[in-house]
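Results of the structural survey
So you can see what is in the structure, the chains are spelled out below.
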Amino acid sequence: MLLGRVAGTLVASRKEESLEGLKFLVVRQLGTDGKETGGFVIANDAVGAGVGEVVLYASGSSARQTEVTRDRPCDAVVMAIVDTWEVEGEEVYRKE
Amino acid sequence: MLLGRVAGTLVASRKEESLEGLKFLVVRQLGTDGKETGGFVIANDAVGAGVGEVVLYASGSSARQTEVTRDRPCDAVVMAIVDTWEVEGEEVYRKE
Amino acid sequence: MLLGRVAGTLVASRKEESLEGLKFLVVRQLGTDGKETGGFVIANDAVGAGVGEVVLYASGSSARQTEVTRDRPCDAVVMAIVDTWEVEGEEVYRKE
Amino acid sequence: MLLGRVAGTLVASRKEESLEGLKFLVVRQLGTDGKETGGFVIANDAVGAGVGEVVLYASGSSARQTEVTRDRPCDAVVMAIVDTWEVEGEEVYRKE
Amino acid sequence: MLLGRVAGTLVASRKEESLEGLKFLVVRQLGTDGKETGGFVIANDAVGAGVGEVVLYASGSSARQTEVTRDRPCDAVVMAIVDTWEVEGEEVYRKE
C-alpha cells in the first residue's frame, strides 16, 4: 500500500456500468515523511474518505478486494484512513 | 486509475482472435493539472470515447473487468469519460 | 498495451515445462512517435510476429490471456501486429 | 520479491472490514548492498516481523497468497525475515 | 519477462509456511546488450539455476504459474535459463 492525501474529487457520468455509484478521489501520494512525492492516482473510495484526509490506497488486483470494488474495472482503492504512523521511533503523523 | 486524453487511434488486423472488434486508442497521460505528463498507453475502449476526450483508464488485470475486455489479452482500458475534477477546492477541468 | 518493434529472438532450452514450444522475442519499446524509448521486454509470441515488425504487447496477468500463454509463467505477450496508428490527426506509422 | 527493513508501524482504525487485525509496517526498500534505496511501501505482516528487521516483501496479487492476507485489499506483504544473503560470493548481510 | 544474471543467494528460515523448500536467488537485471542495468530482484527458482547463469524471470501473478511457486506469495520467478539471444541479426550472448 502507499500513503496518500485526498486532494479532490472527480465526476464521470459516462462509465462502465458496474462503476455506477462509486466515488472517485484524486489522491496525492505521500512519502514516509508525510510530504507529497509528486505522484498521484485516481482511486475509488471504500471507507468514506473526505478531502484532506490521509489514507492508504491499494493498487492492481488488490484494489478489487473491497465490497464496493469487487469485479469492477478499478485498479486503485482507498481502503483505510490513517490514524498515525511512526518511523525510527518518531511519530511522523497523527490524525487530528 | 490514471487521467488521459485520447490522442489517436491504432489499427491492427492481425491479432489474438479474442480481440476482434475491439477499438484501440492512443491515450496520453495527464497530470492532476490537466497537462500531459509525457507518458502514454494503448488502451481498449469500453465507453465509446472519441479522439480529444479526457478519460480515466484502468491498467493490469482490472482492465479486463469490462464487458468488452473480459478474458482478453488487454492490460489497459478506458472505462470512464471525465466530466470534471477538482483539486484543493479548485475546478481543474470541466468537459465542454 | 505498449508499442514495440521485434528486434530479435531468444532461445532457452532449459525452462519451465509449460513453456515448451513458445517463441521468445526481444521487443524494443516504441513511443507514440514510433521511435525507440530505450525500454525493452522479452515477450512470448501469440501472433507469428517476425523480426522487424511493429507490434503491441500486453503485460502482467493479461499476457496469459492468449491461447499459447494461458496458465504459463509468461508476463509479456505480443498479441497484435500493428497496421497503422495516428496521433492528433496525423498518421505516424503504416505497415509497408 | 524485494529487500526491505522494517522502519516503523502504522495504525488505521477506519478501514475495509476484512483488514481488521492485520498489522501495517512501514518498510524501507534495500539494495543488494543492504543500503536504503529511498523507496518504501506500507506492507501487511505475515511473519511477525519487528521494527529493525531485514525482510522480504512480495507485491501485487502475490501479496494476497498468505494466510492473513488472502482475499483482502492488500498489495504488499512481508512474507519472510532474512537470515543472510550473498552476492558474487561475498556475504552482504547476516542477521545478528 | 526480463533478462537477469544470478548474482547470489538468500536464506530466510522464518517465512510464510508455503515457501518452505523454495530457493531464493539474487538476480541482477541485464539489458539487451547483456550488461547490468542496476536493477535487481529476489526471485524463486523454478529451473535449478546456479550463481552466474543468465536467466529469464517473470514477475507478478505470472511468477506463480510454475509448479514450485503456485499459490505462494512469490512475485518473481526464474523460469528459464538462456542459451542465446540475438538483436538486429547479431548474437549478443551465448551460454558457454
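The structure reproduced in this document is the subject of the present report. (Residues numbered from 1 in each chain as written. Chains lettered and ligands numbered in written order. Predicted model: local features only at pLDDT ≥ 70, side-chain atom pairs only at ≥ 80, totals over all residues. Heavy atoms only, no water.)

**A look at the relation of the copies chain A and chain D**
Short version of the rule: All copies are superposed by least squares; the fitting set is the C-alpha atoms of residues with a pLDDT of at least 70 in both. Only heavy atoms matter for contacts: two residues are in contact if any of them lie within 4.5 Å across the pair.
When chain A is brought onto chain D, the operation consists of a screw motion whose angular component is 72° and whose axial shift is 0.0 Å, with 0.0 Å RMSD remaining. Overall, the copies show the geometry of a five-fold rotation axis. A share of only 3% of interface residues in chain A that are also interface residues in chain D marks the association as one of differing surfaces.

**Comments concerning the arrangement of the chains**
Regarding chain B and chain D, the two do not touch, and the least distance separating their C-alpha atoms is 10 Å. There is no contact between chain C and chain D; across them, the least C-alpha separation is 10 Å.

**Regarding the pairing of strand β1 (residues 2-11) of chain B**
This is how it is decided: Burial here depends on accessible area, computed with a 1.4 Å probe over protein chains only, as a share of the maximum for the residue type. Under 20% is buried, over 50% is exposed, and the range in between is partly exposed. Helical segments are the DSSP runs of H or I of at least four residues, strand segments are the runs of E of at least two, and each set is numbered from the N terminus. By definition, two strands form a pair when at least two bridges between them are found by DSSP.
β1 of chain B sits mainly inside the fold: seven of its 10 residues count as buried. Strand direction decides the pairing type here: β1 of chain B and strand β5 (residues 54-59) of chain B, joined by four bridges, are antiparallel. Within β5 of chain B, the residue paired with leucine 2 of chain B across the bridge is tyrosine 57 of chain B. Here seven bridges tie β1 of chain B to strand β3 (residues 24-30) of chain B, and the two strands are oriented antiparallel to one another. Bridge pairing in β3 of chain B links glycine 8 of chain B to valine 26 of chain B. Relative to strand β7 (residues 84-87) of chain C, β1 of chain B runs antiparallel, the two being bridged by four bridges. When the sheet's bridge partners are listed, valine 11 of chain B is paired in β7 of chain C with threonine 84 of chain C.

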